[in-house]
Amino acid sequence: MEPITKNLPALALRGLTVFPRMNTSFDVERAISVCALERAMETGQEIFLVTQREIGVELPEEKDLFDIGTISRVTQILRVSERTIRVMMEGISRAKLKRLWQREPFLQAQVEVMEEPQTVRRGNRTEALMRQTYANFAEYAELTQKLPDEVYAAIMEADDPGYLADFIAQQINLRYQDKQTILDELQSLARLRRMNEILVREVNVIAMEQDIESKVRSRVGQIQKEFVLREQIKVLQNEIGEGDSEEEFDEYRRKIVEARLPEESEKKLLKDVDRLSRQPFGSAEASVLRNYLDTVLEMPWGEETKERASVTQAKKILDHDHFGLEKVKERILEFIAVRQLNPNAKGQILCLVGAPGVGKTSIALSIARATNRKVARLSLGGVRDEADIRGHRKTYIGAMPGRIIEGITRSGSMNPLLVLDEIDKLSSDTHGDPASALLEVLDSEQNTSFRDHYLEIPVDLSRVLFIMTANTTDTIPRPLLDRMEVIELPSYTDEEKVQIAARHLLPKQKQAHGIEKNALRMDERALRAVIAHYTRESGVRQLERQLAKACRKAAMQFAAGNVKRISITDKNLADYLGTPRYTREKTSEKDIVGVVNGLAWTEVGGEILPVEVNVMDGTGKLELTGNLGDVMQESCKAALSCLRARAVEFGIPADFYKTKDIHIHFPEGAVPKDGPSAGIAIATAILSALTNRPVRHDIAMTGEITLRGRVMAIGGLREKTMAALRAGLRTVILPKENEKDLAEIDQSVREKLHFISVEMVDAVFASALRYGEVRPAAECSAFVPHSDGVVSTTLRV
């Protein structure tokens with residue numbers, strides 16, 4: 001009789017074997033398998049099920065499949081999820097894989113149906129083999145106690161040796177390779193004999209497992225019993241004043257050995273345990289030694305988390321947690337890329353510098369998440385004692401380790417990320433200088449053997465990733481700053497604040513106040529109004545507080561049941577946030593003599609700094625007002641000397657310094673001001689007042705001036721240009737040396753402003769002064785600068 005050949009869709013099984021005359025259900029996820037099922041349903045529901053040789057192969061070829069499989073019929077299909085289908089199959093007959101002639105979009109195979117030879121069921125040999133199988137299976141079932149009664153009954157009632165072998169292989173938990181050997185065998189008696197061998201092996205293995213488990217359980221029980229007895233003995237000893245038992249000292253010694261400390265540290269700790277064992281009951285030194293050993297052994301010696309140095313993953317996390325800050329993210333990703341290429345590199349020290357609320361601490365925590373490091377945050381603001389960093393000697397009452405060791409212990413890892421917050425707020429007094437104590441901690445060449453005063457044993461800090469945060473580098477000592485790589489976080493632009501509020505802050509506050517996503521809506525105009533009239537900051541901390549205030553008002557209305565949906569616009573914003581606290585900087589709408597728009601930098605962003613000059617008949621006095629610092633006073637004198645040296649060239653009377661009194665004033669006198677970069681603004685205002693020529697009202701300027709009239713570079717250009725844009729100015733004069741810094745300015749700011757770069761003060765006068773008209777000096781008082789929103793911080797000009 002010629003063999004029957006069929007062309008059927010094939011489904012490759014991973015770790016699963018299907019037998020003829022058996023019903024089996026399993027889940028299908030691979031696309032080629034789903035397509036094969038669909039094809040089988042279209043062509044009569046028959047499909048060839050064959051097991052893969054290796055489970056991990058995703059797209060199998062013919063060599064990846066076993067030769068023998070099962071022709072099956074699809075009896076039921078259920079879609080569990082979008083990608084998963086649960087299917088019920090009924091095995092029909094064994095078949096041999098002749099050729100796999102299609103791999104995509106599904107497997108298509110040419111198979112040969114294999115007829116199983118008939119077996120004499122009543123022979124003595126057959127009967128003996130089946131009885132042996134029943135006995136082995138009964139022993140297996142008794143050991144596992146996991147098989148349902150109906151399965152056990154079905155096996156005992158089976159009288160076909162081939163079916164019996166298939167049914168047992170289908171029901172019990174075997175390796176798929178063992179099941180395949182059963183499927184490969186066509187002879188019923190040989191198949192049952194092989195099944196018996198497998199059952200005997202499984203019975204022996206399970207018996208051995210249970211014996212091992214019984215011994216372990218007995219051993220654990222004995223240990224628990226001994227522990228209870230020791231505790232009882234310890235209680236009795238404490239009652240009679242002999243509490244320091246030898247078992248306690250043995251426990252200390254065991255923990256010290258298991259910590260795998262360096263030889264020097266292990267010897268010292270074991271010596272301390274010996275000293276403790278010799279102390280009399282109730283002695284003060286025993287308490288000190290106990291606390292010391294407990295503290296040392298709480299350290300996570302030898303425990304490190306597996307670092308995940310993936311640039312792709314880190315970029316996803318940073319983009320998800322923070323909007324904008326592209327330069328900062330790029331630098332952090334470069335750092336992670338180095339860790340990815342060289343995992344054994346020493347821990348680096350980064351310092352994130354920026355205004356309050358720009359996200360320094362949150363970025364540090366995102367880095368910890370991206371690198372899969374445990375994190376501990378240490379606030380150093382106001383710390384003035386060296387012992388806070390290095391710890392106290394253990395002989396002192398209440399002694400404890402320093403904050404570095406405490407942070408490592410709290411993190412539970414020897415390679416954590418330690419965030420040293422507000423490092424610029426460190427101070428010093430008679431107790432020492434904590435900044436100097438940090439020099440060793442933050443030096444990757446020295447911190448491999450950092451010694452805390454309390455521990456007195458070396459601790460390797462080279463695997464720790466230190467990230468500092470600061471608002472300014474001015475107060476950080478130079479030697480300490482030299483050990484860090486500074487990454488500056490710039491102020492957010494208004495556009496960035498709008499996006500941050502819409503994407504992060506508002507949804508966060510809605511969730512915190514229990515408001516549903518669509519119940520409260522705040523449009524873009526309202527967000528811009530909040531930023532412009534209710535906050536004045538570089539970051540978004542005040543902005544988040546104002547959004548929280550609006551959410552509280554809305555929550556009260558929702559709780560009262562008055563409304564179901566609320567929409568906040570710029571029209572009704574005052575109902576939720578009250579009267580606006582700030583107004584935008586306003587400049588004069590006409591040209592005025594002796595008034596120049598300067599630019600200043602503060603910790604909360606840029607500001608417009610008007611410079612006013614009045615010239616009066618007098619005896620040559622120079623009056624400076626506006627709460628000016630020493631550097632700014634010197635800048636005023638340098639500007640005056642520059643004009644005086646070139647008085648004839650600028651059209652000024654040569655004796656003006658004898659016959660005129662000059663008063664230079666900077667409004668908002670309560671705010672301290674300092675810095676050299678208002679030099680060209682001061683010189684322009686003085687020249688305007690002396691020549692009665694008005695200054696263009698639509699221009700702002702910043703730059704330091706020398707006695708020879710050269711314009712020097714300044715800092716804070718990004719914040720200053722944003723202040724000019726907010727005030728409605730369209731032209732900014734800046735030093736030529738700062739042209740390179742324009743690339744760091746936000747694109748939207750660069751597009752809306754016109755920049756004039758100058759090298760000499762002559763170019764400033766040519767651009768800022770109206771040489772075609774001369775006005776009376778009386779008009780100098782026509783412009784009154786605004787005084788809204790005074791910020792209690794020093795203006796750096």
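Residues numbered from 1 in each chain as written. Predicted model: local features only at pLDDT ≥ 70, side-chain atom pairs only at ≥ 80, totals over all residues. Heavy atoms only, no water.

Participant: Just to check I follow, could you spell out the pattern of salt bridges for this structure?
Facilitator: A side chain with one charge can pair with a side chain of the opposite charge if their charged atoms come near. Applying the stated criterion across every chain yields a total of 45 salt bridges. As a salt-bridge pair, K98 and E112 come within 3.5 Å of each other at their nearest N and O atoms. A residue pair is termed long-range when its members are at least 10 positions apart, and K98 in strand β5 (residues 85–102) and E112 in strand β6 (residues 107–113) qualify at 14 residues. Given a relative accessible area of 43%, K98 falls into the partly exposed group. A salt bridge links R201 to D178; the shortest N-O distance between them is 2.5 Å. Within this pair, whereas R201 is found in helix α6 (residues 188–239), its partner D178 is found in helix α5 (residues 176–184), the two being separated by 23 residues in sequence. (Salt bridge = Lys/Arg side-chain N within 4 Å of Asp/Glu carboxyl O. Helix = DSSP H or I, 4+ residues; strand = E, 2+ residues; numbered from the N terminus. Buried < 20%, exposed > 50% of the residue type's maximum accessible area, 1.4 Å probe, protein only.)

Participant: Just to check I follow, could you spell out helix α25 (residues 717–726) for this structure?
Facilitator: Helical geometry note: an α-helix holds 3.6 residues per turn, so side chains three or four residues apart project in the same direction. Counting buried positions along α25 yields nine of ten residues, so the element is predominantly enclosed. Taken as a whole, α25 has its buried residues at L717, R718, E719, K720, T721, M722, A723, A724 and L725. Following α25 by one or two positions, G728 adopts a phi angle in the positive range, close to 85°.

Participant: Looking at this model, I keep getting lost on unusual backbone geometry. Mind explaining?
Facilitator: Excluding glycine, most residues fall at negative phi; most peptide bonds, likewise, are trans. In this model, E104 is joined to P105 through a cis peptide bond whose omega is 0°. By secondary structure assignment, the location of P105 is in the loop between β5 and β6. Phi angles above zero are rare outside glycine, and N627 is one such case at about 60°. Note on placement: N627 falls in the loop between β19 (622–625) and α21 (630–645). Residue N627 is classed as partly exposed on the basis of its relative accessible area of 39%.

Participant: It is not clear to me how helix α1 (residues 31–42) should be interpreted in this structure. Could you clarify?
Facilitator: For α1, with twelve residues, the first-to-last C-alpha span of 17 Å sits near the 16 Å given by 1.5 Å per residue. Every buried residue of α1 is accounted for by I32, S33, V34, A36, L37 and A40. Buried residues along α1 sit against β1 (5–13), β2 (23–28), β3 (46–51), β4 (68–79), β5 and β6. Positioned one or two residues after α1, G44 has a phi angle of 100°, which is positive. (Expected span 1.5 Å × (residues − 1). Contact = heavy atoms within 4.5 Å.)

Participant: Where do I start with the packing of aromatic side chains in this structure?
Facilitator: Any pair of aromatic rings gets described here by the distance separating the centres and the angle formed by the planes. Per the stated rule, a full pass over the model turns up five aromatic pairs. Between the aromatic rings of Y163 and F167, the centroid separation amounts to 5.8 Å while the plane-to-plane angle is 25°, which identifies the pairing as stacked. Placement of the pair is Y163 and F167 together in helix α4 (residues 161–171), with a separation of four residues, close to one helical turn. R644 extends its terminal NZ or CZ atom over the ring of Y657, reaching a point 3.5 Å from the ring centre. (Phe/Tyr/Trp six-rings, centres within 6.5 Å; stacked < 30°, edge-to-face > 60°. Lys NZ or Arg CZ within 6 Å of the ring centre and 35° of its normal.)

Participant: Teacher, can you tell me more about a nonpolar patch on the surface here?
Facilitator: A cluster of nonpolar side chains, M208, I212, V216 and V220, forms an exposed patch at the surface whose accessible area comes to about 370 Å². Structurally, V220 can be placed in helix α6. Here V220 falls in the partly exposed class, since its relative accessible area comes to 39%. (Patch = residues over 30% accessible without salt bridge, like charges linked within 9 Å, V, L, I, M, F, W, Y side chains within 5 Å. Areas by Shrake-Rupley, 256 points an atom, 1.4 Å probe, with all protein chains shown as cover.)

Participant: What is the right way to look at the packing of helix α17 (residues 494–512) against helix α18 (residues 524–533) in this model?
Facilitator: To describe two helices that pack against each other, one gives the angle between their axes and the distance between the axes. Their axes nearest at 10 Å, the elements α17 and α18 cross at an angle of 120°. Taken together, the axes of α17 and α18 are oblique relative to one another. Once α17 is placed against α18, the crossing between them reads as right-handed. Taken together, the residues of α18 that come into contact with α17 (itself represented by D494, E495, K497, V498, A501 and A502) are E524, L527, R528 and I531. Each residue belonging to the contact of α17 with α18 can be placed in one class, and the counts come to five nonpolar, no polar and five charged. (Axes fitted to C-alpha atoms, helices over the stretch in contact; angles between N-to-C directions. Parallel < 35°, antiparallel > 145°, perpendicular 65-115°, else oblique. Left-handed = near helix turned anticlockwise from the far one by under 90°. Nonpolar A, V, L, I, M, F, W, Y, C, P; charged D, E, K, R; others polar.)

Participant: What's the story with the pairing of β5 in this structure? I'm lost.
Facilitator: Remember that side chains alternate between the two faces of the sheet whenever the strand is regular. In the sheet, β2 pairs with β5 via six bridges, with the strands oriented antiparallel. Within β5, the residue paired with F26 across the bridge is V87. Taken together, the six bridges between β5 and β6 define a ladder with antiparallel strand orientation. The residue of β6 that forms the bridge with K96 is E112. Taken together, β5 and the strand that follows it, β6, pair antiparallel across an intervening segment of four residues. (Pairing = 2+ DSSP bridges.)

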